[in-house]
Amino acid sequence: MKSDRITRLALRASSFLTISVFVGIAMLLALGYLVARDWQQGVVVRIAHQNEESADLIIKAITRDMRGAQARILANRDWDAPVPADFTRDMTEQVATTFARYPYPESFFIWRGGQQSMLFFSRATRLPRWMPPPQNPTINSPIALAADPPVADEVRRHVLTSVAAQRRYAVFNTELAGIPYQIIARITYADSLREHLESVSGFTVNLDWVRKWYFADMLSEVWPGVSGGLTQDIALVDENNRTVLGSDNEKQPVAQRAFPLLFMDSSDTASDIPSDLAHMQWRIRISASRDPILLSARRRVDATLLATTLAIILCGLSLMVTHQAVLSRAKVSEMRSRFVSSVTHELKTPLASIHALAATLARQSPIASERYREYPNLLIQETNHLSRLVDNLLAYARITHASEAYAFEPMAAAELVEEALKSFQPRFSETGITVEFEMSPDLPFVCVDQRAMTLALTNLIENAVRHLGNNGHIRISTSCVDSVVSIEVQDDGCGISTAKLAALRESIASREFSPSDGGGFGLAIAGKVVADHRGTLTVDSVLGTGTRCVIGLPAC
């Protein structure tokens, strides 16, 4: 029976709709999962960027300090002056100042070549193992002086190798009294051909002390200022991939920087550095995997997915109940159809008569009228108007409650104006409105959200068009004064009275609707968008002359 077919169709439709809803919910879940993961990835990217900046700043601070003693002390010509036998007070103060500024030099030394003694100046509070005790301990001096200590021959041998190679610097790693050292020495020659040695001045670095104390002190000073408020795990790894300092956490996001364990500036002395020292790379590794912001992002994503799953379960239960309700309604519909079928034959005659009359009318010639041809254009204009109204409503809700949703990017002001003018071209052609666009050359970019700022400009142009008659004129110009890029929209329409202009300015300032003609709604949104971009919106109008709106945005 026909009623049975209707019931079966209703049941099939109900099943199809139920399956479709389940599929739609699954797609929404997948989309929500992707969006949540993208947001989490955005947080990870921002934290990773801060990690990279922290690593760069730490490496910059460490390498600058490691080069300081060579760049500021060995390059000082005072070290080449003759040294009196009693070691003057000025030299003592210079060495003491150097020790106070740079902690890693354990001692400085001077040698005039030949049979001259090699003089070593060490810290009295941190005497090297190979340094003999002071000859006169009653003198209260921060500097301990020794001539030709036991390690002098070892240092001299390496220095003479560099002298024979006519290098400007002697840079080498060696062991002094069983302790690894790095020696940095500047070599000066008496002639331009580098054939006759004049003097050697340098310093020693105890690598064991550096490993234990130097980098720990440096990081404790630098790290708080460069972490950017993140919770970071920082580790210092030597050339053998052994952790020297900190906790080596390799969980993402991780920033890693390598630097040579070299206490000198190699930018202009690369030829003087042996290859084994040049490849002795240590690394700084920074991980922010324990940062609360990142952990919170992960928890929020998990919570979002859990809530979405629960919502799907509830929707599934609701669909099951709905399906049962549809079955019940189908049964009622079946009963109704049976009742209708019982009286159908009584209605066949009048229905046939109505059908015949309708067929007769349908065979008549259609009515033609010129005004019907205008309907498509009117429908298009009204559709565009409704679309802009919907965009304004959506934008007002978004910018009122979620200003942080903007996606800022550098853009040219002319590009924004051209994008806003696209939707008005058919309307300009129909009404005869002319648009004059003047763009100043070499304008700087502005950092804006393209969609929001285009909507703001569209609202200004829409207000201008609304108050213009046919064959009106709109002038749009761009300029830059004191790093502020201005976009001006001026029309020669009917203008706004003083009272309405005051109410309009108040509406823009309070971001509320203008109760007069609705025009203040678009301007209120434009004012809010511009304010969120740290800009200004000014509206000036003269009744009967026209209106001028100016958007001012800070240049990038």
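Residues numbered from 1 in each chain as written. Predicted model: local features only at pLDDT ≥ 70, side-chain atom pairs only at ≥ 80, totals over all residues. Heavy atoms only, no water.

Q: Tell me what's going on with the overall build of the chain, and back it up with residues and numbers.
A: Counting its regular elements, the chain contains 12 helices and 17 strands. By the burial criterion, 40% of the 556 residues in the chain qualify as buried. Counted over contacts in the chain with a minimum sequence separation of 6, partners at least 24 positions apart contribute 70%. If you sum the accessible surface of the chain, you get close to 31500 Å²; carbon and sulfur atoms cover 58% of it. (Helix = DSSP H or I, 4+ residues; strand = E, 2+ residues; numbered from the N terminus. Buried < 20%, exposed > 50% of the residue type's maximum accessible area, 1.4 Å probe, protein only. Contact = heavy atoms within 4.5 Å. Areas by Shrake-Rupley, 256 points an atom, 1.4 Å probe, with all protein chains shown as cover.)

Q: Residue-level account of helix 3 (residues 152–164), with values.
A: Its 13 residues place the ends of helix 3 18 Å apart at the C-alpha level, agreeing with the 18 Å of an ideal helix rising 1.5 Å per residue. Within the sequence span of helix 3, burial applies to Ala152, Val155, Arg156, His158, Val159, Ser162 and Val163. Along the long axis of helix 3, the arc covered by the buried residues comes to 165°, so they all point the same way. Facing away from the buried side of helix 3 by over 90 degrees, the exposed positions are Asp153, Thr161 and Ala164. On the buried face of helix 3, the contacting elements are strand 1 (105–111), strand 2 (119–123), strand 4 (169–176), strand 5 (179–189) and strand 6 (197–206). Two residues or fewer after helix 3 comes Gln166, characterised by a positive phi angle close to 55°. (Expected span 1.5 Å × (residues − 1). Arc of directions from axis to C-beta.)

Q: Hey, could you go over the sheet that holds strand 8 (residues 243–246) for me, with residue numbers and the actual values?
A: With respect to topology, four strands assemble into an open sheet ordered 8-7-10-9, the strand pairing being antiparallel. Single-partner strands in this sheet number two, and they are strand 8 and strand 9 (254–260). Across the sheet, the axes of successive neighbouring strands diverge by a mean angle of 20°, strand direction being ignored. Here strand 7 (residues 233–237) pairs with strand 8 via three bridges, running antiparallel. Residue Leu236 lies in a different strand from strand 8, and its bridge partner there is Leu245. (Pairing = 2+ DSSP bridges. Axes fitted to C-alpha atoms, helices over the stretch in contact; angles between N-to-C directions.)

Q: If you had to explain the nonpolar core to someone new, which residues and values would you point to?
A: The biggest cluster of nonpolar side chains holds 47 residues, and the ones touching the most others in it are Tyr104, Phe215 and Phe263. Setting aside residues up to four positions removed in sequence, Phe263 forms contacts with Met66, Gln70, Tyr104, Gln182, Ile184, Phe203, Val205, Leu207, Val210 and Tyr214. (Core = buried A, V, L, I, M, F, W, Y, C linked by side-chain atoms within 4.5 Å.)

Q: For the confidence of the model for the chain, give the residues involved together with the corresponding values.
A: Per-chain confidence: the chain averages 78 in pLDDT, with 76% of residues scoring 70 or above. Segment residues 339–359: pLDDT under 50, and zero contacts once partners within four positions in sequence are set aside and those in other chains are kept. Predicted confidence is poor over residues 514–518, with pLDDT under 50, and the contacts of this stretch with residues over four places away or in other chains come to four contacts. (pLDDT = per-residue confidence, 0-100.)

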